[in-house]
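# A look at the structure
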Amino acid sequence: MTTARLAPRTALFLPASNPRAIEKARGLGADLVILDLEDAVKQADKVSARVAAVEAVGQGFAASLSAIRINAIDTAEHGEDVAAIAGSSADFAVLPKAESAEEVAQVARALGKPLLVMIETPRGVLGAAEIAAVPGLAGLIIGTNDLAASLRLPPSSGRAQMGVSLQSVVLAARAAGVWALDGVFNKLDDPQGLAAECREGRALGYDGKSLIHPNQIAIAGQAFGPSEAELAEARALVAAATGGAERYDGRMIEAMHVDQARALLDRAMDYAGSDDFLA
């Protein structure tokens with residue numbers, strides 16, 4: 001399934017059990033707000049968080065798209081989450097810890113709305129291509145924290161040790177024509193580190209970044225958008241191209257490079273001119 005919407009550059013996770021955070025999120029300008037019913041919510045608050053999430057998406061999030069992350073398939077809350085979110089105003093549902101296309105397809109059919117799927121385990125990574133091809137799927141989100149734990153990586157390990165998994169998720173998403181969103185950055189007081197990881201994610205091919213704090217939105221949004229230098233280079237390349245293979249600025253270019261430059265310019269215009277991220 002190829003989604004008709006522009007991919008979110010910033011996807012902010014918030015506990016659905018935190019009304020103050022939800023209200024604040026309405027004015028933060030994240031491309032996508034994800035209200036969490038899973039890891040961020042205490043067991044005792046699961047039911048009330050579900051009710052709050054459905055109410056919150058009904059009120060809307062201004063120009064931001066909305067999503068609700070349900071509890072995993074093997075949990076007691078999953079069935080009631082699916083039933084509640086299926087009838088809600090959320091733009092998307094988010095399924096954590098997906099591992100098989102069959103299970104994802106079943107959830108997608110029950111929800112009846114676009115589904116974002118989190119790849120957080122080795123089985124999920126190995127099945128990402130089949131999962132991404134499920135009808136109704138809008139995108140894949142790599143859950144780097146859970147993935148690192150399930151891979152038994154030492155706490156000191158960096159993202160380089162997950163390189164194969166990171167690229168596998170992008171490959172699966174691109175093959176299916178759906179979004180690919182990068183995992184979270186845990187250090188809240190390291191803006192330089194966040195910016196560097198965002199640049200790395202974009203270089204790998206990710207469309208945007210999962211976020212866990214409002215202060216991360218501006219940094220990620222800038223990193224996943226084209227720079228002024230990139231836009232200027234794209235404009236110059238398009239203006240100079242005459243068709244076919246030719247020499248440009250000391251290198252060989254052909255129609256593919258011109259198409260890439262035009263796509264970058266079109267995408268920048270779409271983001272600048274669209275409040276609801278419709279292509």
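Worth saying up front: this structure is predicted, and the values here are computed from it rather than measured. (Residues numbered from 1 in each chain as written. Predicted model: local features only at pLDDT ≥ 70, side-chain atom pairs only at ≥ 80, totals over all residues. Heavy atoms only, no water.)

### Brief notes about helix α3 (residues 78-86)
Two residues of an α-helix separated by three or four positions point the same way, owing to the 3.6 residues in each turn. Put simply, the rule is: Burial classes follow relative accessibility: with a 1.4 Å probe on protein chains only, a residue under 20% of its type's maximum area counts as buried, one over 50% as exposed, and anything between as partly exposed. Numbering of helices and strands runs from the N terminus; a helix is a DSSP stretch of H or I covering at least four residues, while a strand is a stretch of E covering at least two. The directions considered for the arc run from the helix axis to the C-beta atoms. Should any heavy atoms of two residues lie within 4.5 Å, those residues are considered in contact.
The set of residues buried in α3 consists of His78, Asp81, Val82 and Ile85. Down the axis of α3, the smallest arc covering the buried residues is 100 degrees, so these residues share one side. For α3, exposure combined with an orientation more than 90 degrees from the buried face picks out Glu80 and Ala83. Where the residues of α3 are buried, they touch α2 (46-59), β3 (65-69), β4 (92-95) and α4 (101-111).

### Some words on unusual backbone geometry
Glycine aside, a negative phi is what most residues show, and trans is what most peptide bonds show. Backbone geometry at Ala62 places phi at a positive 55 degrees, although glycine is not the residue there. Along the polypeptide, Ala62 turns up in the loop between α2 and β3. Positioned with a positive phi, Lys97 is a non-glycine residue whose angle comes to about 50 degrees. You can see Lys97 is positioned in the loop between β4 and α4.

### Remarks on the confidence of the model for the chain
This is how the line gets drawn: The predictor's confidence in any single residue is recorded as pLDDT, a number from 0 to 100.
In the predicted model, the chain carries a mean pLDDT of 90, and 94% of its residues have values of at least 70. Predicted confidence for residues 275-279 stays below pLDDT 50, and this span has 16 contacts to residues more than four positions away or in other chains.

### Structural notes on the nonpolar core
The test is simple: In plain words, nonpolar cores are sets of buried Ala, Val, Leu, Ile, Met, Phe, Trp, Tyr and Cys residues tied together by side-chain atoms within 4.5 Å.
In terms of nonpolar packing, the biggest core is built from 61 residues, with Leu35, Val104, Leu115, Val117 and Leu140 touching the most fellow members. Leu140 has contacts with Val117, Ile119, Ala128, Ile131, Ala132, Val169, Ala172, Ala173, Trp179, Ala180 and Leu181, leaving out every residue within four places of it along the chain.

### Here's the deal with the packing of aromatic side chains
The line we're drawing: Classification of ring pairs rests on two measures: the distance between centres of Phe, Tyr or Trp rings, Trp counted by its six-membered ring, which must be within 6.5 Å, and the angle between planes, read as stacked under 30 degrees, edge-to-face over 60 and tilted in between. Lysine NZ or arginine CZ positioned within 6 Å of the ring centre and within 35 degrees of the ring normal marks a charge as sitting over the ring.
Within this structure, the stated rule accounts for one aromatic pair. With 5.4 Å between their ring centres and 55 degrees between their planes, Phe92 and Trp179 make a pair best called tilted. Residue Phe92 is found in strand β4, and its partner Trp179 is found in strand β7 (residues 179-182); the two are separated by 87 residues along the sequence. Between the NZ or CZ atom of Arg26 and the centre of the ring of Phe61, over which it lies, the distance is 4.7 Å.

### Comments concerning the pattern of salt bridges
The condition that has to hold: A carboxyl oxygen of Asp or Glu within 4 Å of a side-chain nitrogen of Lys or Arg is what we treat as a salt bridge.
Going through the model one piece at a time under the given rule, you end up with 16 salt bridges. A salt bridge links Arg159 to Glu197; the nearest nitrogen and oxygen atoms lie 3.6 Å apart. Taken as a pair, Arg159 in the loop between α7 (144-150) and α8 (163-176) and Glu197 in helix α9 (residues 191-204) lie far apart in primary sequence, 38 residues in all. Among the residues examined, Glu197 registers a relative accessible area of 12% and is labelled buried.

### A closer look at the packing of α3 against α4
Two quantities define a packed helix pair, namely the angle between the helix axes and the distance between the axes. For clarity, the cut-off: Lines are fitted to the C-alpha atoms to define the axes, a helix being fitted only along its stretch in contact, and any angle between axes, read from their N-to-C directions, falls within 0 to 180 degrees. When an angle is under 35 degrees it counts as roughly parallel; over 145 it counts as roughly antiparallel; between 65 and 115 it counts as roughly perpendicular; any other value is oblique. In the scheme used here, Gly and all other residues not listed as nonpolar or charged are polar, with Ala, Val, Leu, Ile, Met, Phe, Trp, Tyr, Cys and Pro taken as nonpolar and Asp, Glu, Lys and Arg as charged.
Where α3 contacts α4, the two axes come as close as 8 Å, and the packing angle between them is 40 degrees. Judged by the angle between their axes, α3 and α4 are oblique. Judged by residue contacts, His78, Val82, Ile85 and Ala86 of α3 engage Val107, Ala110 and Leu111 from α4. Within the contact of α3 with α4, the residues separate by chemical class into six nonpolar, one polar and no charged.

### Overview of the pairing of β3
Note the following rule: Strands are labelled as partners when DSSP assigns at least two bridges between them. Call a crossover right-handed when, viewed with both strands pointing away from you, the route from the first strand across the helix to the second goes clockwise.
Of all five residues making up β3, five are buried, and the element is well covered by its neighbours. Side-chain alternation along β3 places Leu65, Ala67 and Arg69 on one buried face and Ser66 and Ile68 on a second face that is also buried. Pairing analysis gives five bridges linking strand β2 (residues 32-36) to β3, with the strands arranged parallel. Residue pairing in the sheet places Leu35 in a bridge with Ile68 of β3. With α2 bridging β2 and the parallel β3, this β-α-β connection has right-handed handedness. Judged from the three bridges that link them, β3 and β4 form a sheet pairing that is parallel. The partner of Arg69 across the bridge, within β4, is Val94. Taken together, β3, α3 and β4 constitute a β-α-β crossover, and its handedness is right-handed.

### Observations regarding the sheet that holds strand β6 (residues 137-142)
Read around the closed barrel, eight strands run β1-β2-β3-β4-β5-β6-β7-β8, paired in parallel fashion. Strand-to-strand twist of the sheet, defined as the mean angle between neighbouring strand axes without regard to direction, takes the value 25 degrees. Relative to strand β8 (residues 208-211), strand β1 (residues 10-15) is paired through three bridges, and the arrangement is parallel. Note that in β8 the partner of Leu12 across the bridge is Leu211. Against the sheet, α4 contacts β4, β5 (115-119) and β6, and its axis sits at roughly 150 degrees relative to β5.

### Re a negative patch on the surface
Quick reminder of the rule: Like charges within 9 Å and nonpolar side chains (Val, Leu, Ile, Met, Phe, Trp, Tyr) within 5 Å are joined into patches, using only residues over 30% in relative accessible area that form no salt bridge. Computed with a 1.4 Å probe, the accessible areas rest on the Shrake-Rupley method; for each residue, only the protein chains presented here act as cover. This count recognises Lys and Arg as positive and Asp and Glu as negative, with His and chain-terminal groups excluded. By convention, the point assigned to a charge is CZ for Arg, NZ for Lys, CD for Glu and CG for Asp.
Taken together, the side chains of Asp74, Glu102, Glu103 and Glu130 make up a negatively charged region of the molecular surface. In this structure, Glu102 sits in helix α4.

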